[in-house]
Amino acid sequence: MSTLEIKDLHVSVATEDGPKEILKGVDLTVASGQTHAIMGPNGSGKSTLAYAIAGHPKYEVTSGSITLDGEDVLAMSVDERARAGLFLAMQYPVEVPGVSMANFLRSAATAVRGEAPKLRTWVKEVKTAMADLGIDPSFADRSVNEGFSGGEKKRHEVLQLALLKPKIAVLDETDSGLDVDALRVVSEGVNRYRESGDAGVLLITHYTRILNHIRPDVVHVFAGGRVVESGGPELAEELEKHGYVRFTQAGAPA
Amino acid sequence: MTADVAGLAPELAGAKKGQGDRPLASAGERFTSYDVEAFEVPGGREEIWRFTPMRRLRGLHDGTAAFDGTAVVAVEGAAAETVGRDDPRIGEGGVPADRVAAAAWSAFDTATVLTLDGTPEPVTVTVQGPGEGRCAAAHLQVRTTPHTQATVVVTYSGSGTLADNLEIVLADASQLTLIVTDEWADDAVHVGAQHISVGRDAALRGVAVALGGDLVRNSSTVQYRGPGGDAELLGLGFADAGQHLEQRLLVDHAVPHCRSNVHYKNALQGDGAHTVWIGDVLIRAAAEGTDTFELNRNLVLTPKARADSVPNLEIETGEIAGAGHASATGRFDDEQLFYLQSRGIPEDVARRLVVRGFFGEILSKITLPELRERLEQAVEAELAVTGA
């Protein structure tokens, strides 16, 4: 049982005109066994929240706290957060030329698990996980994300999720840019992870269609840098019908 | 002293041509001579010197360097000869094309000639620098007999300043794997010239590794004596803070149906780390059926490091099998680091992963497992030394 707890989080990003506050007091608690969806219009700060949790150096936390099972996440380096059990599936996964996917996955698994996985079981584990996501085995020899299509990158993000088995996974617009088949495959991957054990999911999305595949327990509406409303799955249905207008007006600065 | 061209021997007429007064129209026009005084003292603006920090050459280029030391050349695994300057074989590999190479040629007393015959076990040559504050000239010739298949590892190490010429003469239908490593101490300056002459149907597999030293500049020229020649030149360099590594290559295709493949990779880490790669390939009118490719990749690991890359392909005949070149310099950037770290991989491991992956395709070509392991470790040590 794990809990990611975000309290009154304020985050700024450096701009040419000085620091600009993006997150303005986010409160959110995600426990394992739960799937939370964060929905909101473009520019509301959803991705900033994802990056702040992962510890991207571009984003500065000015106040508030993030803890994982009581441990201070903000005091951890990026890699320490991952080893503590946090995972971010990125909206734009980064290309790392020269490093093969196979080598990358093994290095990551070694770091997260604290020891190198036994070669024989590892090869089988990777093969199975790739097959589950419809990834051709030849991708293992390719450089990390290099020349991958948008859909291929997203499949590989979920592949890493499956292999690294974090306590809490943040999925940042994992559904964007996917065709219907890819969306189904990726969603199934997330559901397998979620059902495999004591895992929590924070799903960030702009669209409701992924929620047809991944059933959220809680839906949060994000606007103006904070959570403006939370509810059950029915909240997503309302958004589907009426859009974000009601919330963007509510979240707009006075 | 300034060279007086008019007073020189007939073969040196035109000595000043192409030494900086005007740009050379072709790499094939460049001036060559065994005589140091036939070359003007370079000032640093000449095309072939413009990337080199002249002040760090310790006078090798302007005649002020006193060759007051000795570089000991030791050969293991085969019998080598020590010969005088008048040995008729000296110069078969090629002729110096810059003033430092000519200075070394003019200064050496004895040369080491290593003749490889049959299928010997790997041969090791070590060239030991003259020691800190000393300067030496050296001359080494590696030659094969027809149909020989051999592997030679030449390692430069130690301290001091060295200018040398390394002649590689491949007899017809011989195959030579040649690995040259510059593994100098931090103070060392090495300006080397390699003169490679490839016989008919002969094949050279070369790997050049540059790791140590304050300044290391190697100029290699490949010439073919008959059709069917093949030269693969791979290179790996790791420049750390303040280090200047320069690799200059000229592959001169003057005979038909020869191949060349140049593939150099450099990594840079630390303030003032500087690599220079110049890749000239010349396909002369007679060289029909030539197949050539040259590639340079540089990986800049930290800001304030500089990689210069100048590929240059001259083609004088359309009847070729293939010719191409490519160059790219990329940064190991913060986003890549963030991505790898976000998967739990610590920063130092992430850097190692990227550098190992980058050099993997060069190191994997080194077929001697012990040497490959040693070089892999040397690369990792470079990372550790300058790692933030």
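Residues numbered from 1 in each chain as written. Chains lettered and ligands numbered in written order. Predicted model: local features only at pLDDT ≥ 70, side-chain atom pairs only at ≥ 80, totals over all residues. Heavy atoms only, no water.

## Details of the environment of Leu235 of chain A
Residue and element names in this part refer to chain A.
Reasoning step 1: Assignment of secondary structure puts Leu235 in helix H7 (residues 233-242).
Reasoning step 2: Between the C-alpha atom of Leu235 and that of Met39, which follows or precedes it by 196 residues, the distance is 9.9 Å.
Reasoning step 3: Excluding its chain neighbours within four sequence positions, the residues that come into contact with Leu235 are Val219, Val221, Glu229, Ser230 and Phe247. (Helix = DSSP H or I, 4+ residues; strand = E, 2+ residues; numbered from the N terminus. Contact = heavy atoms within 4.5 Å.)

## A short note on the pattern of salt bridges
Reasoning step 1: Applying the stated criterion to the full structure yields 31 salt bridges over all chains.
Reasoning step 2: Glu238 of chain A is paired through a salt bridge with Arg246 of chain A; the nearest N and O atoms lie 3.0 Å apart.
Reasoning step 3: Relative accessible area serves as the criterion here: at 41%, Arg246 of chain A is assigned to the partly exposed category.
Reasoning step 4: One salt bridge connects Glu361 of chain B with Lys265 of chain B, and the closest N-O pair in it is separated by 2.5 Å. Taken together, the positions of Glu361 of chain B in helix H3 (residues 347-363) and Lys265 of chain B in strand E14 (residues 259-268) put the pair 96 residues apart, joining distant regions of the chain. (Salt bridge = Lys/Arg side-chain N within 4 Å of Asp/Glu carboxyl O. Buried < 20%, exposed > 50% of the residue type's maximum accessible area, 1.4 Å probe, protein only.)

## Details of the sheet that holds strand E3 (residues 110-116) of chain B
All names here are of chain B.
Reasoning step 1: Pairing is mixed in the open sheet, where nine strands are placed in the order E2-E3-E5-E7-E9-E11-E13-E15-E17. The sheet is open, and its two borders are formed by strand E2 (80-84) and strand E17 (306-315), each paired with just one other strand. Across this sheet, the average inter-strand angle for adjacent strands is 15°, counted without regard to direction.
Reasoning step 2: Here strand E11 (residues 215-224) pairs with strand E13 (residues 244-253) via nine bridges, running parallel. Bridge assignment links Arg217 to a residue of E13, and that residue is Glu246. (Pairing = 2+ DSSP bridges. Axes fitted to C-alpha atoms, helices over the stretch in contact; angles between N-to-C directions.)

## Here we look at the UniProt feature "domain: ABC transporter" (unreviewed entry) in chain A
Reasoning step 1: As annotated by UniProt and renumbered to match this structure, "domain: ABC transporter" (unreviewed entry) occupies residues 4-249 of chain A.
Reasoning step 2: In the segment residues 4-249 of chain A, helix accounts for 37% and strand for 31%; the C-alpha atoms at its two ends are 29 Å apart. (UniProt positions renumbered as here; feature names shortened; annotations may be inferred.)

## Examining H7 of chain A
All names here are of chain A.
Reasoning step 1: Among all positions of H7, only Pro233, Leu235, Ala236 and Leu239 are buried. In a view along the axis of H7, the buried residues occupy a sector of 150°, so they form one face of it. In H7, the exposed residues that point more than 90 degrees away from the buried face are Lys241 and His242.
Reasoning step 2: Once H7 ends, the next one or two residues include Gly243, with phi positive near 75°. (Arc of directions from axis to C-beta.)

## Observations concerning the interface of chain B and chain A
Where the parts come together, the accessible area they lose is often given as the size of the interface.
Reasoning step 1: Contacts between the two partners involve 16 residues from chain B, matched on the other side by 31 residues from chain A.
Reasoning step 2: For the chain B and chain A pair, buried surface summed over both sides reaches about 1900 Å², with 68% attributable to carbon and sulfur atoms.
Reasoning step 3: Area buried by chain B at its contact with chain A is led by Phe338, Tyr339 and Arg343 of chain B, which between them contribute 42% of it.
Reasoning step 4: A salt bridge links Glu157 of chain A to Arg343 of chain B; the shortest N-O distance between them is 2.6 Å.
Reasoning step 5: On inspection of chain B and its partner chain A, the count reaches 10 residue pairs in polar contact (both at pLDDT 80 or more).
Reasoning step 6: Elements represented by at least two residues in the side of chain B that touches chain A include exactly helix H2 (334-341) and H3 of chain B.
Reasoning step 7: For the side of chain B that touches chain A, the element with the highest residue contribution is H2 of chain B, accounting for six residues.
Reasoning step 8: A per-class count over the side of chain B that touches chain A returns eight nonpolar, five polar and three charged. (Buried area = accessible area lost by both parts, 1.4 Å probe. Polar contact = N/O pair within 3.5 Å; in protein donor to acceptor, adjacent residues only side chain to side chain. Nonpolar A, V, L, I, M, F, W, Y, C, P; charged D, E, K, R; others polar.)

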